[in-house]
Amino acid sequence: NSFIHKVMAPLKIFMQVEKMRAYACTLWMDFVSALKSQDLGPCLGQIVTTIVPYRQYKDSRKPVLKVLRYLIVERRHELKEYFSNIPYIEDDDDNDLAVIMKT
């Protein structure tokens, strides 16, 4: 769906701007919450890969983990067929991320 990619493009850019990062995380949550599973699923790997690196920043850590928990835990039954599209994520001893990914 081209609409999804058109929304994702500026969200990716906003994540790179330190002063906008926390707000961008909120937008990511709103965005993924609004998508139906058949639209979200094919983009799941790309979304996860995009936001995971930003968990290292203090201002975006909790919101990033919230989005990941929503996608991987709360919507597990709807999206599990797309989990194979999520590449291996090095957790760097990140216990919060490990719990989410193993749930």
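Reading guide: rules and limits
- Residues numbered from 1 in each chain as written.
- Predicted model: local features only at pLDDT ≥ 70, side-chain atom pairs only at ≥ 80, totals over all residues.
- Heavy atoms only, no water.
- Helix = DSSP H or I, 4+ residues; strand = E, 2+ residues; numbered from the N terminus.
- Buried < 20%, exposed > 50% of the residue type's maximum accessible area, 1.4 Å probe, protein only.
- Contact = heavy atoms within 4.5 Å.
- Areas by Shrake-Rupley, 256 points an atom, 1.4 Å probe, with all protein chains shown as cover.
- Salt bridge = Lys/Arg side-chain N within 4 Å of Asp/Glu carboxyl O.
- Axes fitted to C-alpha atoms, helices over the stretch in contact; angles between N-to-C directions.
- Parallel < 35°, antiparallel > 145°, perpendicular 65-115°, else oblique.
- Left-handed = near helix turned anticlockwise from the far one by under 90°.
- Phe/Tyr/Trp six-rings, centres within 6.5 Å; stacked < 30°, edge-to-face > 60°.
- Lys NZ or Arg CZ within 6 Å of the ring centre and 35° of its normal.

Some words on the overall build of the chain
- Secondary structure assignment for the chain yields 7 helices and 0 strands.
- Counting from the amino terminus, the chain carries its helices and strands in the arrangement α-α-α-α-α-α-α.
- Relative to its 103 residues, the chain shows a buried fraction of 42%.
- Within the chain, contacts between residues at least 6 apart in sequence are counted, and of these 65% link residues at least 24 apart.
- Surface accessibility of the chain: about 6200 Å² in total, with carbon and sulfur atoms responsible for 54%.

Remarks on the environment of A24
- Mapping A24 onto the fold places it in helix α2 (residues 21–34).
- In the structure, A24 is positioned 36 residues away from S60 in sequence and 8.8 Å away in space, judged by C-alpha atoms.

Notes on the pattern of salt bridges
- Under the counting rule described, the total for this entry stands at 2 salt bridges.
- D59 is paired through a salt bridge with R21; the nearest N and O atoms lie 3.8 Å apart. Of this pair, D59 sits in the loop between α4 (44–51) and α5 (61–74) while R21 sits in helix α2; the two residues are 38 residues apart in sequence, bridging distant segments of the chain.

Quick notes on the packing of helix α1 (residues 2–16) against α2
- It is the contact of α1 with α2, at a shortest axis distance of 8 Å, that shows an interaxial angle of 155 degrees. Viewed along their axes, α1 and α2 adopt a mutual orientation that is roughly antiparallel. Both α1 and α2 take part in a crossing whose hand is left-handed. Contact with α1, carried on its side by I4, V7, M8, L11, K12, F14, M15 and Q16, involves R21, A24, C25, L27, W28 and F31 of α2 and no other residues of that element.

Re the packing of aromatic side chains
- Evaluation of the coordinates by the stated rule reveals 2 aromatic pairs.
- Sitting over the face of the ring of Y57, R21 holds its NZ or CZ atom 3.9 Å from the ring centroid.

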